[in-house]
Amino acid sequence: MHNINNKVLITGHLGQEPTLKQFETGNDGYTRKMASFSVATNESYTNNLGKKIEHTYWHLVVAWGEMAEKVEKNLHKGNKIALEGKLTTRNYKAKDGTPRYVTEIVLNEFELVPKTEKQEA
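Rules used throughout
Residues numbered from 1 in each chain as written. Predicted model: local features only at pLDDT ≥ 70, side-chain atom pairs only at ≥ 80, totals over all residues. Heavy atoms only, no water. Helix = DSSP H or I, 4+ residues; strand = E, 2+ residues; numbered from the N terminus. Buried < 20%, exposed > 50% of the residue type's maximum accessible area, 1.4 Å probe, protein only. Contact = heavy atoms within 4.5 Å. Areas by Shrake-Rupley, 256 points an atom, 1.4 Å probe, with all protein chains shown as cover. Salt bridge = Lys/Arg side-chain N within 4 Å of Asp/Glu carboxyl O. Pairing = 2+ DSSP bridges. Phe/Tyr/Trp six-rings, centres within 6.5 Å; stacked < 30°, edge-to-face > 60°. Lys NZ or Arg CZ within 6 Å of the ring centre and 35° of its normal. Core = buried A, V, L, I, M, F, W, Y, C linked by side-chain atoms within 4.5 Å.

Enquirer: What is the right way to read the overall build of the chain from this model?
Expert: Looking only at helices and strands, the chain has 2 helices and 6 strands in total. If you list the helices and strands of the chain from N to C, you get β-β-β-β-α-β-β-α. Relative to its full complement of 121 residues, the chain shows a buried share of 26%. Considering only contacts in the chain between residues 6 or more positions apart, those separated by 24 or more positions represent 58%. When the accessible surface of the chain is summed, it comes to about 9,200 Å², and 48% of that surface belongs to carbon and sulfur atoms.

Enquirer: Teacher, can you tell me more about the pattern of salt bridges here?
Expert: Opposite charge on two side chains permits them to pair, given that their charged atoms come into close proximity. Applying the stated criterion to the full structure yields 4 salt bridges. For Lys 33, the salt bridge is made with Glu 69, and the minimal N-O distance between the two is 4.0 Å. Highlighted residues: Lys 33 in strand 3 (residues 30-46) and Glu 69 in helix 1 (residues 65-74), separated in sequence by 36 residues. Overall, the relative accessible area of 31% leaves Glu 69 in the partly exposed class. Across the pair Lys 33 and Glu 72 runs a salt bridge, and its minimum N-O distance is 3.9 Å. Of the two residues, Lys 33 sits in strand 3 while Glu 72 sits in helix 1, which places them 39 residues apart along the sequence.

Enquirer: Where do I start with the pairing of strand 5 (residues 80-93) in this structure?
Expert: The side chains of a regular strand alternate, residue by residue, between the two faces of the sheet. Note that strand 1 (residues 8-14) and strand 5 share 6 bridges and pair antiparallel. Bridging across to strand 5, Gly 12 finds its partner in Ile 81. The pairing of strand 5 with strand 6 (residues 99-112) spans 13 bridges and is antiparallel. Bridging across to strand 6, Ile 81 finds its partner in Leu 112. If you look at the hairpin formed by strand 5 and strand 6, you'll find 5 residues sitting between the two strands, and Gly 97 has a positive phi there, around 90 degrees.

Enquirer: What exactly am I supposed to notice about the packing of aromatic side chains here?
Expert: Remark: the centre distance and the inter-plane angle together describe each pair of aromatic rings, the angle taken between the planes. Taken as a whole, this structure holds 1 aromatic pair when the rule is applied. With a centroid separation of 6.0 Å and an interplanar angle of 35 degrees, the aromatic rings of Phe 23 and Trp 64 are classed as tilted. Here Trp 64 lies in strand 4 (residues 52-64) and Phe 23 lies in strand 2 (residues 19-25), a separation of 41 residues in the sequence. The residue whose ring lies beneath Lys 70 is Phe 110, and the NZ or CZ to ring-centre distance is 5.0 Å.

Enquirer: Please explain the nonpolar core as it appears in this structure.
Expert: Most often, soluble globular proteins keep nonpolar side chains buried together rather than apart. Of all hydrophobic cores here, the largest spans 17 residues; its most connected members are Phe 37, Val 39, Val 71, Leu 83 and Leu 107. Of all elements in the fold, only strand 1, strand 3, strand 4, helix 1, strand 5 and strand 6 reach the threshold of two or more residues within this core. Ignoring sequence-local partners within four residues, the contact set of Val 39 consists of Ile 10, Gly 12, His 13, Leu 14, Tyr 57, Trp 58, His 59, Val 61, Ile 81 and Leu 83.

The structure is reproduced here in structure tokens:
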């Protein structure tokens, strides 16, 4: 196990329209784009009492540069997508000065998952 990569693969539905932000970097006026959105994944199982338990997990996803532009053009609330990225954690201070941490997926690539007859019903 010499080459363990930080890789995440999930399939889920977009929870809202992607948000696009632009940042100027340096004195050259270069603008860098970032898109962010959330993806819901679902898990279900039957507990030891025979009751079906369902849980939805929300994953924050960010995309940079050309990938952000691709997200902006192709992804919309409700789309089902398969995505590949890497997990990152960043920290920041809230308005009240409290340290906060957020884990997010940095998007490398995605595919729209076609709707099936069952999904359309």
